[in-house]
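# Coordinate inspection notes
Now for the letters of each chain:
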Amino acid sequence: YPLCALAVSDERPVSTQSTWDGNSQPNDTSIIWSATKAFTSTLVGIAQDMGFLRLDDSASLYITEWQGTPAANVTVQNLISCDSGRQWSFILDYITSMLQSDQTQYAINLQQQFAPGEHWEYNNMAIQTLNRVISVATGMSVKEFADQVMFGPMDFGSNLSWGTDPSGGDLVYSSIFTTCRDMLRLGYLFLRNGRWLDQQIVSPQFVEEDSR
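Here the structure is a predicted model, which is why all the values come from computation and not from measurement. (Residues numbered from 1 in each chain as written. Predicted model: local features only at pLDDT ≥ 70, side-chain atom pairs only at ≥ 80, totals over all residues. Heavy atoms only, no water.)

As enumerated under the stated definition, the model contains eight aromatic pairs in all. Between Phe39 and Phe156, the aromatic rings sit 6.0 Å apart at their centres with planes inclined by 70°, giving edge-to-face as the arrangement. Here the residue Phe39 occupies a position in helix 1 (residues 36-49), and Phe156 occupies one in the loop between helix 7 (142-151) and strand 4 (161-162), the gap between them amounting to 117 residues. Taken as a pair, Phe39 and Phe156 share a single burial class, namely buried. On the numbers, 6.2 Å between centres and 45° between planes, the contact of Phe151 with Trp162 is tilted. With a gap of 11 residues between them, Phe151 in helix 7 and Trp162 in strand 4 connect regions that are remote in the sequence. In this pair, the class of Phe151 matches that of Trp162, namely buried. Three or more aromatic residues link up through ring pairs in this structure, and these residues are Phe39, Phe151, Phe156 and Trp162. (Phe/Tyr/Trp six-rings, centres within 6.5 Å; stacked < 30°, edge-to-face > 60°. Helix = DSSP H or I, 4+ residues; strand = E, 2+ residues; numbered from the N terminus. Buried < 20%, exposed > 50% of the residue type's maximum accessible area, 1.4 Å probe, protein only.)

See the structure below:
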């Protein structure tokens, strides 16, 4: 992924952009890997603002397989904070997961390893369960919801795409392909306390909590 670019903002969403690999253009896209999680977290905040869910909800309200199990104590907040206590190992998170046709169901089916809130782990598959949370809460796929409440209103480029697993599920821990300018849009949104131009995209309260 050779794209090399830097975009700079002052009081405007995008002031200037430079590339230095000799080939990249402003509309070229590249995978942003785990920065995708920042978009996913923001969508959770927007969903809360719209009344679809609450951060302190048990995730089992949306992931029914967890009801009546130790995972019933996992909240939506635990999932975005990486302290859900969901099962993790390098093999499970980075190798076995890649072999699954449905990574969301795979992630949901993993075990509860620790009590929620007691152990922090950078856990991709725990984040992936937010695919189910967001889609059940909103009645839309994650990408459809993002198009409606963030990508469209913030004029993200038409080249943006969201990678999926073989089942068609959006990979919410990784796999957005977008431009440097679109990445700057997300940063600008948080610098302005969730406001894009004259529209409040996500509440200042969520921005403050999510930025800690």
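This part is about empty space enclosed by the protein. Applying the stated criterion across every chain yields a total of one cavity of 30 Å³ or more. Roughly 40 Å³ of volume is contained in the largest cavity. Cys82, Asp83, Ser84, Gly85, Arg86, His119, Glu121, Asn123 and Ala126 are the residues that line the largest cavity. Of the residues assigned to the lining of the largest cavity, the class counts are two nonpolar, four polar and three charged. (1 Å grid on protein atoms, 1.4 Å probe; cavity = no way out; pocket = protein on both sides within 12 Å on 5 of 7 lines; lining within 4 Å. Points joined across faces, edges and corners; volume = space filled by probe spheres on them. Nonpolar A, V, L, I, M, F, W, Y, C, P; charged D, E, K, R; others polar.)

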